[in-house]
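Structure assessment
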Amino acid sequence: MIAVFLTVLGRDIRLAVRQGTDSLMVVAFFVVTVVLFPFGVGPESAVLERISAGVLWVTALLASMLSLDRLFQQDYEDGSLDHLTRAPAPLAGIVAAKVAAHWLTTALPLIAAAPLLAILLHMRPEGFAVLVVAMVLGTPTLSLIGAVGAALVLGARRGGVLVALLILPLYVPVLIFGVSAVDAAVMGFAYTAQIKILAALLMASLVLCPLATSLALRQALE
């Protein structure tokens, strides 16, 4: 099982590196969208500081969705997905490997860029570390939930729009507690409760989402 997981993980990372435009598009969308906010709401540092956590989380959430419709689509079109479902390993483990590769190639660059963009939005330094920790815990949950949506709409027309309609309501708890943790840290309040909730959401997603995704993939291939 571990060997299959590492094989699928390495394969998807290599494919993502070869098709580097997808990852670059996600990061570019994140950066450009955040940069546009000061032009829209004005350059007042107090206003930007107040909305900085929400802006970063919402734009990271939207950016991570850009590549969800291609999480399984390419393998579905070239027949690789059919072979993966017949591999001598649980399909849930293969799904977990593909989600891990998706997170490493899309969400991880967003996390690296977030502190720099937080400076642009005049976030207080007290929130930088909490922002990174919250995103490290929250973005894998977004990828896991997104994988369920991508599997449910596999092969459908306008799958990207359908994925957004399916999973955006499920993203709300991660968004709420991610923003709340950063705001609490900036204002000097305790934020451990929000971090623990984000960790609990991640643990629940790690258990449930690969199983739900594997069932949706088998249904799509029938």
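Overview of the structure. Computed from a predicted structure; not experimentally measured.

**Considering the environment of Leu221**
As for its position among the elements, Leu221 is in helix H9 (residues 192-221). In this view, Leu221 contacts Tyr76, Leu81, Asp82 and Thr85; residues no more than four positions away in its chain are not counted.

**Things to note about H9**
Spanning 30 residues, H9 covers 43 Å between terminal C-alpha atoms, matching the ideal 44 Å at 1.5 Å per step. At Ser205, H9 is bent by approximately 35°, the largest bend along its length. Those residues of H9 lying buried are Gln194, Ile195, Leu198, Leu202, Ser205, Cys209, Pro210, Thr213, Ser214, Ala216 and Leu217.

**Some points on the layout of surface pockets**
Computed from the structure, the largest pocket encloses a volume of approximately 360 Å³. Along its surface, the largest pocket is lined by 19 residues, and Asp12, Ala16, Gln19, Asp22 and Arg70 are the ones closest to its centre. Of all the secondary structure elements, the ones that give two or more residues to the lining of the largest pocket are helix H1 (2-18), helix H2 (20-41), helix H4 (73-78) and helix H6 (91-120). Top element by residues in the lining of the largest pocket is H6. It accounts for five residues. A breakdown of the residues in the lining of the largest pocket according to their chemical character gives five nonpolar, eight polar and six charged. Roughly 170 Å³ of volume is contained in the second largest pocket. Around the second largest pocket, the lining residues are Ala96, Val99, Ala100, Trp103, Leu104, Pro140, Leu144, Leu202, Leu206 and Pro210. Mapped by element, the contributors of at least two residues to the lining of the second largest pocket are H6, helix H7 (128-152) and H9. The biggest single contributor to the lining of the second largest pocket is H6, with five residues.

**Section: the environment of Tyr76**
Position of Tyr76 among the secondary structure elements: in helix H4. We classify Tyr76 as partly exposed; its relative accessible area is 31%.

What counts, and at which threshold
Residues numbered from 1 in each chain as written. Predicted model: local features only at pLDDT ≥ 70, side-chain atom pairs only at ≥ 80, totals over all residues. Heavy atoms only, no water. Helix = DSSP H or I, 4+ residues; strand = E, 2+ residues; numbered from the N terminus. Contact = heavy atoms within 4.5 Å. Expected span 1.5 Å × (residues − 1). Bend = angle between axes of the 7 residues up to and from the residue. Buried < 20%, exposed > 50% of the residue type's maximum accessible area, 1.4 Å probe, protein only. 1 Å grid on protein atoms, 1.4 Å probe; cavity = no way out; pocket = protein on both sides within 12 Å on 5 of 7 lines; lining within 4 Å. Points joined across faces, edges and corners; volume = space filled by probe spheres on them. Nonpolar A, V, L, I, M, F, W, Y, C, P; charged D, E, K, R; others polar.

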